[in-house]
Amino acid sequence: MIRTALPAEAAVVAGLHARARATYDPDGVSEDGTDWLAAWRGAIERPRGHVLCLVLDGRIVGVAAFRTAEGAPSDTVRLFQFHVEPDRWRAGLGSALHAACVEEWQADGKRTATLDVQGDNLRARAFYARLGWSPEPEGPPAEDDHHLSLRYAVGE
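Notes on the structure in this doc start here. (Residues numbered from 1 in each chain as written. Predicted model: local features only at pLDDT ≥ 70, side-chain atom pairs only at ≥ 80, totals over all residues. Heavy atoms only, no water.)

**Examining unusual backbone geometry**
Part 1 of the reasoning: The phi torsion at aspartate 57 lies on the positive side, around 55°, for a residue other than glycine.
Part 2 of the reasoning: By the element assignment, aspartate 57 lies in the loop between β2 (49-56) and β3 (59-67).
Part 3 of the reasoning: Even without a glycine there, the phi angle at arginine 90 is positive, about 65°. (Helix = DSSP H or I, 4+ residues; strand = E, 2+ residues; numbered from the N terminus.)

In structure tokens:
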């Protein structure tokens, strides 16, 4: 089942985020002072944001957070976070969660979706490529930027 996350689930979502991030980032979730529990609670409670969660056997095993970013065109949506429990990878759950995101984007009249992925996260880059995401046409990131910007044509 895929549904909207509830504020009371912020700690579960933040834990999933930490576990997924630890698999592709040797530093795990950055220790930059971000209160990730508060950040996730804020994302879930944001009036114009969306956090979808994928629930399997009564447990949240996937999460996607998206919204139109400040100053972005109203027909553009930004996928800020997308995570699946690492022990559930390659089971089709990420694809199902992505399809639910696209369905919501289409219902909301979005034409384009964007996201940033760590450049050295080859597993995630391959996942997004399979789903039709492509590098931003503006070209590669700056030399000191470790992220790659991707774009997705939402369609109708």
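**Quick look at helix α2 (residues 36-45)**
Part 1 of the reasoning: Taken together, the buried positions of α2 are occupied by Trp40, Ala43 and Ile44. For α2, the angular spread of the buried residues around the axis is 100°, confining them to a single face.
Part 2 of the reasoning: Looking at the packing, one finds that the buried side of α2 touches α1 (10-24), β2, β3 and β4 (76-84).
Part 3 of the reasoning: N-capping of α2 is provided by aspartate 35, with a side-chain oxygen placed 3.2 Å from the backbone N of leucine 37. (Buried < 20%, exposed > 50% of the residue type's maximum accessible area, 1.4 Å probe, protein only. Arc of directions from axis to C-beta. Contact = heavy atoms within 4.5 Å. Polar contact = N/O pair within 3.5 Å; in protein donor to acceptor, adjacent residues only side chain to side chain.)

**Observations concerning the pattern of salt bridges**
Part 1 of the reasoning: Inspection of the entire model under this criterion finds 6 salt bridges.
Part 2 of the reasoning: We note a salt bridge from glutamate 136 to arginine 151, for which the minimum N-O separation is 2.9 Å. A residue pair is termed long-range when its members are at least 10 positions apart, and glutamate 136 in the loop between β6 (134-135) and β7 (147-153) and arginine 151 in strand β7 qualify at 15 residues.
Part 3 of the reasoning: In this structure arginine 151 comes out as partly exposed when scored by relative accessible area, which is 31%.
Part 4 of the reasoning: Taken together, the salt bridges that share partners define one network made up of Arg19, Arg59 and Glu85. (Salt bridge = Lys/Arg side-chain N within 4 Å of Asp/Glu carboxyl O.)

**Digging into the sheet that holds β4**
Part 1 of the reasoning: With mixed pairing, the 7 strands of this open sheet are ordered in space as β1-β2-β3-β4-β5-β7-β6. Each edge of the open sheet is held by one strand with a lone partner, namely β1 (2-4) and β6. (Pairing = 2+ DSSP bridges.)

**Quick word on the pairing of β4**
Part 1 of the reasoning: Summarising burial for β4: 8 of the 9 residues are buried, a large majority.
Part 2 of the reasoning: Note: β3 against β4, 6 bridges, orientation antiparallel. In the strand pairing of β4, alanine 65 is matched with glutamine 81.
Part 3 of the reasoning: Where β4 and strand β5 (residues 112-118) come together, 3 bridges link them in parallel fashion. The partner of valine 77 across the bridge, within β5, is alanine 113.
Part 4 of the reasoning: On the question of chirality, the crossover connecting β4 to the parallel β5 by way of helix α3 (residues 93-107) is right-handed. (Right-handed = clockwise from strand over helix to strand, strands pointing away.)

**A short note on the layout of surface pockets**
Part 1 of the reasoning: Taken as a whole, the largest pocket holds about 770 Å³ of empty space.
Part 2 of the reasoning: Along the walls of the largest pocket sit 33 residues, with Phe82, His83, Arg123, Ala124 and Tyr128 positioned nearest its centre.
Part 3 of the reasoning: Mapped onto the lining of the largest pocket, the elements with two or more residues apiece are α1, β4, α3, β5 and α4 (122-130).
Part 4 of the reasoning: Element by element, the count of residues in the lining of the largest pocket is highest for β4, at 7 residues.
Part 5 of the reasoning: Taken together, the residues of the lining of the largest pocket break down into 16 nonpolar, 10 polar and 7 charged. (1 Å grid on protein atoms, 1.4 Å probe; cavity = no way out; pocket = protein on both sides within 12 Å on 5 of 7 lines; lining within 4 Å. Points joined across faces, edges and corners; volume = space filled by probe spheres on them. Nonpolar A, V, L, I, M, F, W, Y, C, P; charged D, E, K, R; others polar.)

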